[in-house]
Amino acid sequence: MTLIDQTTEASAPTHDIDLVPTLLLQTPTPQPPLTGRISMGTPVVRPLTAAQAADGDEGWQDFLESQAGRYDYLLLSLVCSFRPSPDGAPFADAGIGIRLEAPGEPVDRQPIAWSISPKKRALPVTPSTHLKLTAKLMLVEAGVEYTPENDGREELFVVGMGERDSDPEWRFSATAGTPLVGDESLALIARVPAGAPAVAHITMAATIKQRRLGLIPYRAKLPPALQSIDFR
């Protein structure tokens, strides 16, 4: 398998993200926005080319050459950081979505998420500086992706979905023994018709567990640098 270095992603400029409460009828009092709980590095985009493969492991050179003139493949990766709260209100869950779009192009020339990482994992994994790529450009996380509980129950910490669609997403869930705290690396390979534009629109939401009020949903107010990422 070919390794893709993520050192650049780890050093990308980081942005703090404000969380705005979602209004619910049963909420007794409006909640203030939250700051300092989530940050995200500016997503990094890299084209994947046969020339790159020729300089190292040729496992996916033949695949890219077979796609030349039909599709381009571009790697998007980012790191999101979840921080603990000073008042002890933990994250119950969070979600990050990416909508891929080729503005002005017909339906049959829209990009899709060819591969995403991670896909399924029961425990947090320390972010690696490398991703693994198979011969057909499928992403494989450098750590253990899925470890079922010994008693057969599935307490998944993160689930990725939407592979081969235009709207992939990742959902994180805190478990009894695993709080939602720390850095999480996400990556996708977008398959884009050759020469077509491609943009990734990012959305995020989270739920905070308050002692007195219970579960309070929030949506992320993303800065412009994170709202839309131009692949080209």
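Just above sits the structure.
Please read these numbers as outputs of a predicted model, since none were measured by experiment. (Residues numbered from 1 in each chain as written. Predicted model: local features only at pLDDT ≥ 70, side-chain atom pairs only at ≥ 80, totals over all residues. Heavy atoms only, no water.)

S.K.: Any details on the overall build of the chain? Residues and values, ideally.
M.R.: Counting its regular elements, the chain contains 4 helices and 16 strands. Evaluated residue by residue, the chain yields a buried proportion of 44% over its 232 residues. When contacts within the chain are restricted to residue pairs at least 6 apart in sequence, long-range pairs at least 24 apart make up 76% of them. Surface accessibility of the chain: about 11600 Å² in total, with carbon and sulfur atoms responsible for 53%. (Helix = DSSP H or I, 4+ residues; strand = E, 2+ residues; numbered from the N terminus. Buried < 20%, exposed > 50% of the residue type's maximum accessible area, 1.4 Å probe, protein only. Contact = heavy atoms within 4.5 Å. Areas by Shrake-Rupley, 256 points an atom, 1.4 Å probe, with all protein chains shown as cover.)

S.K.: Explain the side chain of S85 residue by residue, including any values.
M.R.: With respect to the helices and strands, the residue S85 is situated in the loop between β5 (71-82) and β6 (91-101). A polar contact of 2.2 Å, which involves the side chain of S85, links it to the side chain of D87. (Polar contact = N/O pair within 3.5 Å; in protein donor to acceptor, adjacent residues only side chain to side chain.)

S.K.: Would you mind going over the pattern of salt bridges in detail, with residue names and values included?
M.R.: The tally for this structure, following the rule as stated, stands at 7 salt bridges. The partner of E101 in a salt bridge is R99, with the nearest N and O atoms 3.7 Å apart. When its relative accessible area of 24% is taken as the criterion, E101 is described as partly exposed. E163 serves as the salt-bridge partner of K119, at 3.5 Å between the closest nitrogen and oxygen. Pair noted here: K119 is in the loop between β7 (112-117) and β8 (120-121) and E163 is in the loop between β11 (158-161) and β12 (169-173), with a separation of 44 residues, a long-range link. E163 gets classed as partly exposed once you look at its relative accessible area, which sits at 27%. (Salt bridge = Lys/Arg side-chain N within 4 Å of Asp/Glu carboxyl O.)

S.K.: So, the nonpolar core: which residues are in play, and what are the values?
M.R.: Of all hydrophobic cores here, the largest spans 41 residues; its most connected members are I38, I98, F172 and F231. Core analysis: the next-biggest nonpolar cluster, separate from the first, contains 17 residues, W60, L64, L139 and A187 among them. (Core = buried A, V, L, I, M, F, W, Y, C linked by side-chain atoms within 4.5 Å.)

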